Amino acid sequence: MRLKNLSVIAFVMVLSALSLGNIFAYGVPFEMNLPDVFHNLFIFLDAVVLLYFLWQGILFKHSYVILFALVQMLLYGAVMLLSPSVVSSDILVDNISSVMYLVINIVGGIIIVFALEYIESETFTRVRKNSFIAMLFFFLAVMNFIVSTNNIEIFFLLFELTTLCSYVLIGYRGDELSKKNALQALWMNQIGGVAILMALIFSILQYDTIYFDVLITNSEPLYLLPIVFLVLAAFVKGASIPFENWLLGAMVAPTPVSAILHSATMVKIAPFLMLKLFPAMSGFVSLTVTLIGTFVFFSASLLALSKDYFKEILGLSTIALLGLMMALAAIGTPEAITACLVLIVFHAISKALLFLQAGILEKSFHLKYVDDIDGLVNRSPLVVFFIIIGFASLTLPPFGAFIAKFMAIESIAGEIHNNPLYVFALIFLALGSVFLTLLYFKVMTKLFAKEADNKSQYVKISKYYTIPSFLLLALLVIGVYISFEREFLSSLELVVPLLLIAVVPLLFATLLFQKADRVKEYNCGEKDEIQLSMYYFHMPRNVQLTISVLATLGMWILVLGVLL
Amino acid sequence: MYEKYRKKSPWILHYNAGSCNGCDIEILAALAPKYDLERFGVINTGNPKQSDIFLITGPVTLRSRERIVELYTQIPEPKVVVAVGSCSCTGGVFRDMYNVEDGVDRYIPVDVYIPGCAVSPELIIDGVVKGLDILEQKTKEMEKPFKLFQEATTKDGITSRRETPLRVGEDNEKN
Amino acid sequence: MRKIEVTLENVREEIQSFYEYNKWHFLTINGVALADNILEVQWIFSKYEAMDEVIIFFAHAKYADLIPSVADIIPSAIISQRELVDMFGVVVEGSEKGLYLDEDSLQAPLSGCRI
Amino acid sequence: MIEMLLILFAPLIGGLLYGFERIVRARMQNRQGPPLLQPFYDMYKLIDKQAFIVNPYHSILGIMHFVTLWIVVAFIILGQNLLYVIFLHLLSTIFIILAGFSVKSIYSHIGANRELLAMLAYEPILIMMAVGFFMLNGSFDISIIREKEASLFPLFLLFLAYLTVIPIKLKKSPFDATEAHQEIVGGVEIEFSGVFFEFLYMAKWLEYIFVYLLLFLFAGNNILLATALFLIVFLLLNLIDNATARIKMNHLIKIVLGVGITLGMCNLLGLSYV
Amino acid sequence: MIQSLIKAFTNLFKKPQTIDYPLTPIAKDKEYRGLIEYGEESCIYCLKCEKACPPGAILFVKTENPSANEKNKKALEYNYNPYLCIYCGECVRACPKPEEALWQSNKKPSVATKEDKVNDNWFVLERLKKES
Amino acid sequence: MSKKTINIPIGSQHIALLEPVRFKFECENEKIITVDSDVGFVHRGIERACTTKFKFDGIGYVVARVCGLCAITHSLSYTVAIEKLLGTEISVKAKYLRILLLELDRIHSHMLCLSHTCESAGFEAMFMRIMGDRELVMEIQELLTGNRIQFDYISIGGVNRDLSSEIAQKIRQNLYEVKQRALGYREEFTNNWSLSLKFKGIGALSLDDAYRFNAIGPLARASGLHVDVRNEINYLPFSEVGFVMQTHKAGDINARNLIRLDEIQNSIKMCENIVNGLPEGDIFTKPKGKPNGEALVRFEAPRGELMYYVKGNATAMLERVRIKTPTFSSIPAFSHIFVGEDYADVPAILASFDPCLSCTAK
Ligand code: SF4
Ligand code: SF4
Ligand code: SF4
Ligand code: SF4
Ligand code: SF4
Ligand code: SF4
Ligand code: SF4
Ligand code: SF4
């Protein structure tokens, strides 16, 4: 093992340990202020980043990028001119941040370990390979910072930095398509930046502050513009429909990038922001966000049904679940918040696991499309096992995602009394979760479809690939154990069925299988080969359009509603 | 101990091995209200794996022989094969034609032969009832189909596909 | 029943000029084994809504002759041609064997060299 | 104790119900029909048949389907959380779908596919139904729902929506496209035989119990109403089964989802205003 | 659909159309074309029936101990295979002495089992016939 | 991207088929793109046997076994062809009796097809209902001919049995009953919501395609093509007994069902006319001589035009018997109709063609 690898692994371990330590050590919120030097530094950095964006826009002649960079500069200038008077601490670590640390460092760390081997098999120069790993670490740092900050200005900077990271990483391969998608990600994410700046301006104008906690505690139900703009920023980062394209485009990047940026961690900024903001939401905002969130959940799952590129399916299902997380956060009952957190954690683990498998499929089997993966059982039972666990953990009990969905229904059901419009959220949720199940099983069954005769093609998979997967698996198990401890479901409800479902069939199997004879499948008495292929669902373009229009409409309603 | 239930729940599979449809529609008629085979617990499953009684009509054309054997082996033991109609018993009017093989029992062991052209639904019921008794006595031993293709043209020393067709009464006829 | 003699060479033109798809109904192609290894091939048509108007085009062929296909004029003739191939062992343009007969069946059962 | 016995005998009761239904169906079709105990004869016979397996996963998944379904029924009888019961039921369906996909048989695959699509149609309705009960009784617990007043009238539209689900689950016309004997020879069950088919066969009986137990929830603590509901629905179901053809999957989804969601939504909206 | 619903409902209370067949036997019409029966005494051994029979379900085969009928000069024995017969009645129409030597009864044939060797035994007869 | 189509086979053994035939549908999801069929499972070699194994006067019984469903049409066509060659003139009464049985056969065959179509559409109750009512027709057929399916009623020179007055009475009774029931089916086929989803607009054949693919029988008449051999022949007096051609426009399954229902009504009327106005006379004229020359005879079987070509050479053995059967000519049209339909509709579409492969492959 090379020194670099060792040090990377050690570093990841340290990070993980720290984040774990954080959860146990500091129970209470931790606050801190940064010296003024830093603030000046941040302003400088902001300027540099925005200029860089502008430069890139000019370089690649991309009008949106230029436009948004300019708009941001203008707005940022405006922010600089205003000087708020109410101050608070710059750094604030609360429980939610602690959970986010865990996700970012442990899951992100594992993905970096995976990336070590992945990037080795690419054809880049050594420097570029190393800088790739470095970029990932840089990104972890930004993420850690972003969940700790309480200052919206700093938040803006970090937000822009994540945009920068994704821009660089998506364009990492340097080909035509990567460049195009990177620019797309860039301009879309800049909309988020614009939204944050707007939020800043309104916040300063109305509440005279740039701090989250002050803003939230002081906000009046009648003047929620800053909150709404922050929410919009969250939607952009969460790649909610209609902003989903940048995340889907991001799939051209090396798989660890997809995993770390676009599924497991970065997009989690969106629900995180929501979690921060929910106390300030009025009934209207919370309802609208919930509706938009569940709508996104529903429609992204629907759209995913028509896809056959494995990573794209994963991406869309991420978008869907992010929608759900944001909706849950917006509801804001304790139950919903728990559900949201559980979902964040489990989703990160499961998606990371799945993305790692996507990477393995790509590297070891040269597969990208789900249509081609049939009979994988014979070639690598381990990968299939991981994929199945990954999907199962997103749908089935006893895994957290299931529990979260379960609790989501409960909390939305509880809200209907307050506002009947939550019925729609419920319907979206119900339909969406069925679509998602459909989606997962559509892919999963493909794995099962056995090609009986190519046993010989068994493929050995590198340890670097399997160990991270095993680690994630372990995390899943720990998660299940914790949710068990917390008694989300009674033990009768969980243990008995699990035991019975697992044991009884095996018992029968062992008793009966010795006596059983093997037969071929029924084929109308014929003997020829059967050609199987997957059912696929074609979404007409106008459905996609309608969905985008509806989602955009929802956001406009959000803004306009608050304005009125 | 379960044997006695076999005869109460015969599920059938029907295959037409080249018949003229006459017997097949009579099987349908036997399922219809007037004769209602379901009284005996018969279900027409259409799936060999869930069947007990194999109803075959037709004299077995060359193209259907493999299918018969294939379906036969897919029926789990104990099973009963019923040849429905004269042409599946012995070839009937098609006996000796070049593309048929004189009855189902050239290929698989037949337990019950139902004569008639076309068999009447009553006879089908008779045959199925007879088959049920046989089913009860059967063991779960595998019964092998006799032959697959043309490999052997003789069974029990008897040639089935004769080189020259037997023409009854042709010899002294000159009109 | 009217019989019109044609030759294998001109049968396609004859039928092409004669056949109007919404006036004439194509029945089938028939083969009759004549003596001396000659095969009479018949293309049979009847007229819609007319009393008993049947027209048979027929041509005499040797078994080795290539029989032209009329499938492009009459799409439903394909299956009759395949039958002809099976039953008489002749060659019809673009028609393969095996509609009814398997490899180990009696081949060309209706051909002239029978019994 | 009674509960335990009920759980234990649930499949048997389902079997009797199934046997009875076969007689009713036969009589509706003007014929005599099989004896009442026919399902049990079938069961004994199936035990005795030679066991065939296509591949081990397939058979195990079939058994898992049965076991899960039994647990579902047990949970309903024990009065557990309704939402959880619905999810577990989903799980049991998923097992059978996986089984369907695990063999290399086209009919099995189509059947499993259709099963997935059907799930899409009825699952939202079940969830909405559970939410309806929740809004009315303040809890998802079946034991609580059963102690409360009958909720048939406040939840009448949901009850109607649920009526569209029943034929799908019990594989009855017009919504039996998942089984569709004439098209796909039984769909997912096609490759099961002997003892293994027996599990599927008994799972069918449990499906009856499941459906009717959920139906009883509408009657709350009113046993008379429960009986009446059962009789009416049973009769209605069979009448409709005998008066309709099987409709296609896309129609099924459109009709069930469209009707079900509209009804359910109206019902929930109505409830929230009360 | 309404009509079907009503029909299904009223059928519930009607006596089913089903005939409980093995228990209540169905009387066959006297014109029913059932088994071919043979009166050995009246037969004149013209073998017309054998020739007329399309599937060859009647075979007159030489036997060691022929019947006492003096018309039976070639010592033939009448053999009839109801499992081959197609019940067309052509033999009876061909017979010069219908209703005495050969007639079509309205009895339905009986089902056979493996032990009866309906096919194999007939092959033996056919071979004998061909050899003679 | 990989291939997205699936191959769905139907047959040779399949529950929706009574006969061995094999279709392979290449489908996208469940939508059919191409069809491949194998129809040769039932080939027995009857045409050859008719010229080598049987003498001309017994062939009527053999060709009846080409198919059990329109056995009567087969023996009739053959017999008429031989009668043409022999120059036998049969009595008027025999002609009427022949039509009677022909039309009875059409009624029962159409009822079978309707019931089978319903069964294939998953409407078991309707299947049972029609099959139950069909027994009324089967009963009179058995009374008239002595057998339910293979009638063996027609012989060269006439028919084998006379129609007694009791049987005539029974026929009147039962047919009246069937007529009423058939009206009920019509109501069901037009008004049942689930059946209209299954049948209306499904499996349609346009008039132009009907012409192009030479469709025949109910299949063609449902598309509006005026083709019915009963209208084009004069060996039997169809128009005298009240034959009226039935046509429809839509060309879909529903139209085919309605055509069959209309034809049932028309056939019942014909049968009633025959039974009521049966002339006196012999039923059998003894034919003389041996067939010599060529004859081509067409008849309208329940499924469409049946053609016999018979060539004799003045001996007891014929030179050629050519059987062109309805389903055989329809196969190109069938394959054309399937394309673009849902696999879920295949059994019903197939049953609505009322295919009969036992005569297709002979
Ligand atoms: S026995 Fe007769 S009626 Fe039955 S299938 Fe054979 S030929 Fe047809
Ligand atoms: S009865 Fe007539 S046909 Fe028969 S043997 Fe005597 S003479 Fe010949
Ligand atoms: S009834 Fe027909 S088949 Fe039977 S023995 Fe007589 S001629 Fe032969
Ligand atoms: S035709 Fe009559 S008399 Fe002549 S052999 Fe036969 S049974 Fe005897
Ligand atoms: S009842 Fe209908 S679907 Fe079933 S096997 Fe018979 S013909 Fe086929
Ligand atoms: S009766 Fe018919 S089958 Fe018999 S010998 Fe004469 S022609 Fe041949
Ligand atoms: S068309 Fe069908 S029913 Fe008529 S003879 Fe041919 S196979 Fe038989
Ligand atoms: S006519 Fe053909 S398709 Fe119709 S029921 Fe008979 S065998 Fe089946």
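Each chain has its residues counted from 1, following the order in which its sequence is written. Chains carry letters and ligands carry numbers; both start at the beginning, A for chains and 1 for ligands, and go up in the order they are written. Since the coordinates come from a predicted model, pLDDT governs what is reported: local features require at least 70, and pairs of side-chain atoms require 80 or more to be given and counted, while whole-chain, interface and lining totals use all residues. Side-chain metrics in this entry use all non-hydrogen atoms of the structure; hydrogen atoms and water are not considered.

1. Looking at the overall build of chain D
Line of reasoning, step 1. Note on conventions: DSSP H or I runs of at least 4 residues are helices, E runs of at least 2 residues are strands, and numbering of each starts at the N terminus. When helices and strands are counted, chain D shows eleven helices and one strand.
Line of reasoning, step 2. Secondary structure elements of chain D occur, N-terminal to C-terminal, as α-α-β-α-α-α-α-α-α-α-α-α.
Line of reasoning, step 3. We take the radius of gyration over the C-alpha atoms and set the globule estimate at 2.2 Å times the residue count to the 0.38 power. Since a compact globule built from 274 residues should have a radius of gyration of about 19 Å, the 18 Å found for chain D is in line with a globular shape.
Line of reasoning, step 4. For chain D, the spread of C-alpha atoms along the three principal axes comes to 60 × 45 × 40 Å.
Line of reasoning, step 5. Only protein chains enter the accessibility calculation, which uses a 1.4 Å probe; a residue is then buried when its area is under 20% of its type maximum, exposed when over 50%, and partly exposed in between. Buried residues in chain D amount to 76% of all 274 residues.

2. What about the site of ligand 7?
Line of reasoning, step 1. Near residues are defined by distance, with any heavy atom within 4 Å of the molecule or strand qualifying the residue. All residues adjacent to ligand 7 are Cys-67, Leu-69, Cys-70, His-74, Arg-303, Pro-326, Cys-356, Ser-358 and Cys-359 of chain F.
Line of reasoning, step 2. Ten residues, namely Ala, Val, Leu, Ile, Met, Phe, Trp, Tyr, Cys and Pro, are considered nonpolar, four, namely Asp, Glu, Lys and Arg, are considered charged, and the remaining ones, Gly among them, are considered polar. Residue composition of the shell around ligand 7, grouped by class: six nonpolar, two polar and one charged.

3. Looking at the pattern of salt bridges
Line of reasoning, step 1. Salt bridge criterion: a side-chain nitrogen from Lys or Arg within 4 Å of a carboxyl oxygen from Asp or Glu. Applying the stated criterion across every chain, the model contains 44 salt bridges over all chains.
Line of reasoning, step 2. A salt bridge links Glu-139 of chain F to Lys-34 of chain B, with the shortest nitrogen-to-oxygen separation between them at 3.8 Å. One end of the pair, Glu-139 of chain F, is in helix H5 (residues 124-145); the other, Lys-34 of chain B, is in the loop between helix H2 (22-31) and strand S2 (43-44), on a second chain.
Line of reasoning, step 3. By relative accessible area, which is 29% here, Glu-139 of chain F ends up partly exposed.

4. Quick notes on the packing of aromatic side chains
To describe a pair of aromatic rings, one takes the distance between the centres and the angle between the planes.
Line of reasoning, step 1. Between rings of Phe, Tyr and Trp, where Trp is taken as its six-membered ring, a pair exists when centres lie within 6.5 Å; planes separated by under 30 degrees are stacked, by over 60 edge-to-face, and by other angles tilted. Overall, the coordinates contain 39 aromatic pairs over all chains when judged by the stated rule.
Line of reasoning, step 2. A centroid spacing of 6.2 Å and a plane angle of 45° characterise the contact between Phe-295 of chain A and Phe-298 of chain A, whose relative ring orientation is tilted. Taken together, the residues span about one helical turn, with Phe-295 of chain A and Phe-298 of chain A both in helix H13 (residues 283-305) at a distance of three residues. Of the two residues examined, Phe-295 of chain A and Phe-298 of chain A, each falls in the buried class.
Line of reasoning, step 3. Plain terms: the ring middles of Phe-45 of chain C and Phe-57 of chain C are 5.8 Å apart, the flat faces sit at 90° to each other, and that makes the pair edge-to-face. Taken together, the residues Phe-45 of chain C in strand S3 (residues 38-47) and Phe-57 of chain C in strand S4 (residues 54-62) connect sequence positions twelve residues apart.

5. Remarks on unusual backbone geometry
Line of reasoning, step 1. For Tyr-45 of chain E, which is not glycine, the phi dihedral falls at a positive 55°.
Line of reasoning, step 2. One can find Tyr-45 of chain E in the loop between strand S1 (36-38) and helix H2 (48-52).
Line of reasoning, step 3. Of note, Asn-214 of chain F is a non-glycine position whose phi angle comes to about 55°, a positive value.
Line of reasoning, step 4. Mapped onto the secondary structure, Asn-214 of chain F falls in the loop between helix H8 (207-212) and helix H9 (217-222).

6. Observations regarding a nonpolar patch on the surface
Residue and element names in this part refer to chain D.
Line of reasoning, step 1. Nonpolar side chains collect at one region of the surface, where Met-1, Ile-2, Leu-5, Leu-6, Leu-8, Phe-9, Leu-12 and Ile-13 lie side by side and expose about 790 Å² of accessible area between them.
Line of reasoning, step 2. Relative to the helices and strands, Leu-12 is located in helix H1 (residues 2-28).
Line of reasoning, step 3. Under the relative-accessibility criterion, Leu-12 is labelled partly exposed at 35%. Surface patches are drawn from residues lacking salt bridges whose relative accessible area is over 30%; two like charges belong together within 9 Å, two nonpolar side chains (Val, Leu, Ile, Met, Phe, Trp, Tyr) within 5 Å. Values of accessible area rely on a 1.4 Å probe in the Shrake-Rupley scheme; residue burial ignores everything except the protein chains shown.

7. Digging into the interface of chain F and chain C
Line of reasoning, step 1. Contacts were defined at the residue level, with two residues in contact if any of their heavy atoms lie within 4.5 Å. Each partner contributes to the interface: chain F provides 41 residues, whereas chain C provides 43 residues.
Line of reasoning, step 2. Buried surface area refers to the total accessible area, computed with a probe of radius 1.4 Å, that the two partners give up upon joining, counted for both partners together. With both chains or domains summed, chain F and chain C bury close to 3500 Å², and 57% of this area falls on carbon and sulfur atoms.
Line of reasoning, step 3. On the surface where chain F and chain C come into contact, there are two salt bridges.
Line of reasoning, step 4. A 3.5 Å cut-off defines polar contacts: any pair of N or O atoms within that distance qualifies, except that in protein one atom must be a possible hydrogen donor and the other a possible acceptor, and neighbouring residues in sequence count only when both atoms are side-chain atoms. Taken together, the links from chain F to chain C amount to 13 residue pairs in polar contact (both at pLDDT 80 or more).

8. Quick notes on the sheet that holds strand S1 (residues 11-16) of chain B
Line of reasoning, step 1. Read from one edge to the other, the open sheet built from six strands follows the order S2(B)-S1(B)-S3(B)-S4(B)-S5(B)-S5(E), with strand pairing classed as mixed. Each having just a single partner strand, S2 of chain B together with strand S5 (112-113) of chain E make up the two edges of the open sheet.
Line of reasoning, step 2. Two strands pair under a simple rule: DSSP has to find at least two bridges between them. By the bridge criterion, two bridges tie strand S5 (residues 112-114) of chain B to S5 of chain E in an arrangement that is antiparallel. Its bridge partner lying in S5 of chain E, Tyr-113 of chain B is registered against Ala-112 of chain E.
Line of reasoning, step 3. In the packing of helix H5 (residues 121-137) of chain B onto the sheet, contacts are made with strand S3 (53-57), strand S4 (80-84) and S5 of chain B together with S5 of chain E, and the angle to S5 of chain B comes to roughly 175°. In this description, a line fitted to the C-alpha atoms serves as the axis of each element, helices being fitted only across the stretch in contact, and the angle between N-to-C directions of two axes falls anywhere from 0 to 180 degrees.

9. Looking at the side chain of Asp-52 of chain B
Line of reasoning, step 1. Turning to its location among the elements, Asp-52 of chain B is positioned in the loop between S2 and S3.
Line of reasoning, step 2. The exposure class of Asp-52 of chain B is buried, given its relative accessible area of 1%.

10. Describing the environment of Phe-66 of chain D
Residue and element names in this part refer to chain D.
Line of reasoning, step 1. Tracing the backbone through its elements, the reader meets Phe-66 in helix H3 (residues 56-78).
Line of reasoning, step 2. Judged by relative accessible area, which is 5%, Phe-66 ranks as buried.
Line of reasoning, step 3. Sequence separation between Phe-66 and Leu-206 is 140 residues, and the spatial gap between their C-alpha atoms is 8.2 Å.
Line of reasoning, step 4. Beyond its immediate chain neighbours, meaning those up to four positions away, Phe-66 contacts Phe-199, Met-202, Ala-203 and Leu-206.

11. A few points about the pairing of strand S6 (residues 292-301) of chain F
All names here are of chain F.
Line of reasoning, step 1. With seven of ten residues buried, S6 lies mostly within the body of the structure.
Line of reasoning, step 2. Pairing geometry for S6 and strand S7 (residues 304-313), over ten bridges, is antiparallel. In the sheet register, Glu-294 faces S7, and the bridge partner there is Lys-311.
Line of reasoning, step 3. A loop of two residues connects S6 with S7, the two strands running antiparallel in sequence.

12. Quick notes on helix H9 (residues 194-217) of chain D
Line of reasoning, step 1. An expected span of 1.5 Å times one less than the residue number is assigned to each helix. In this model H9 of chain D runs 35 Å from its N-terminal to its C-terminal C-alpha over 24 residues, within 8% of the 34 Å that 1.5 Å per residue would give.
Line of reasoning, step 2. With 22 of its 24 residues buried, H9 of chain D lies for the most part within the structure.

13. Overview of the sheet that holds S3 of chain C
All names here are of chain C.
Line of reasoning, step 1. Taken in spatial order, the four strands of this open sheet run S1-S4-S3-S2, and their pairing is mixed. Among the strands making up the open sheet, the edge pair consists of strand S1 (2-5) and strand S2 (24-34). The average angle at which neighbouring strand axes cross in this sheet is 25°, direction not considered.
Line of reasoning, step 2. Judged from the nine bridges that link them, S3 and S4 form a sheet pairing that is antiparallel. Looking at S4, one finds that Ile-44 is bridged to Ile-56.

14. A word on the environment of Ile-149 of chain F
Line of reasoning, step 1. Its location among the elements puts Ile-149 of chain F in the loop between H5 and strand S4 (154-155).
Line of reasoning, step 2. Considered as a pair, Ile-149 of chain F and His-108 of chain F are 41 residues apart in the sequence and their alpha carbons are 10.0 Å apart.
Line of reasoning, step 3. Discounting residues that sit within four places of it in the chain, Ile-149 of chain F has contacts with Gly-22, Ile-25, Glu-26 and Ala-118 of chain B together with Gly-68, Arg-134 and Met-138 of chain F.

15. A closer look at the pairing of S3 of chain B
Residues and elements named next belong to chain B.
Line of reasoning, step 1. Across the five residues that make up S3, a large majority, five, are buried.
Line of reasoning, step 2. The side-chain alternation of S3 yields two buried faces, one formed by Ile-53, Leu-55 and Thr-57 and the other by Phe-54 and Ile-56.
Line of reasoning, step 3. In the sheet, S3 pairs with S4 via five bridges, with the strands oriented parallel. Bridge pairing in S4 places Phe-54 opposite Val-81.
Line of reasoning, step 4. A clockwise path from the first strand over the helix to the second, with the strands pointing away from the viewer, defines a right-handed crossover. For the crossover that starts at S3, traverses helix H3 (residues 62-74) and ends in the parallel S4, the hand is right-handed.

16. As for the side chain of Glu-122 of chain B
Line of reasoning, step 1. Within the secondary structure layout, Glu-122 of chain B lies in helix H5.
Line of reasoning, step 2. Residues in contact with Glu-122 of chain B, not counting those within four places in the same chain, are Tyr-35 of chain B together with Tyr-21, Ile-26, Lys-28 and Lys-108 of chain E.

17. Focus: helix H6 (residues 165-191) of chain F
Line of reasoning, step 1. Its 27 residues give H6 of chain F an end-to-end C-alpha distance of 39 Å, which sits within 8% of 39 Å, the value for a rise of 1.5 Å per residue.
Line of reasoning, step 2. Within the span of H6 of chain F, buried status applies to Ile-167, Ala-168, Ile-171, Asn-174, Leu-175, Val-178, Ala-182, Gly-184, Tyr-185, Glu-188 and Phe-189 of chain F.
Line of reasoning, step 3. Elements in contact with the buried residues of H6 of chain F: helix H1 (2-12) of chain E together with helix H4 (92-120), H5, helix H7 (193-199) and helix H10 (253-276) of chain F.

18. Focus: the confidence of the model for chain B
All names here are of chain B.
Line of reasoning, step 1. Per residue, pLDDT captures the predictor's confidence, and it can take any value from 0 to 100. Taken as a whole, chain B shows an average pLDDT of 74; of its residues, 77% reach a score of 70 or greater.
Line of reasoning, step 2. By mean pLDDT, strand S7 (residues 158-159) is the weakest element of chain B at 40, and S5 is the strongest at 88.
Line of reasoning, step 3. Contacts of residues 148-175 to residues separated by more than four positions or lying in other chains number 57 contacts, the stretch itself having pLDDT below 50.

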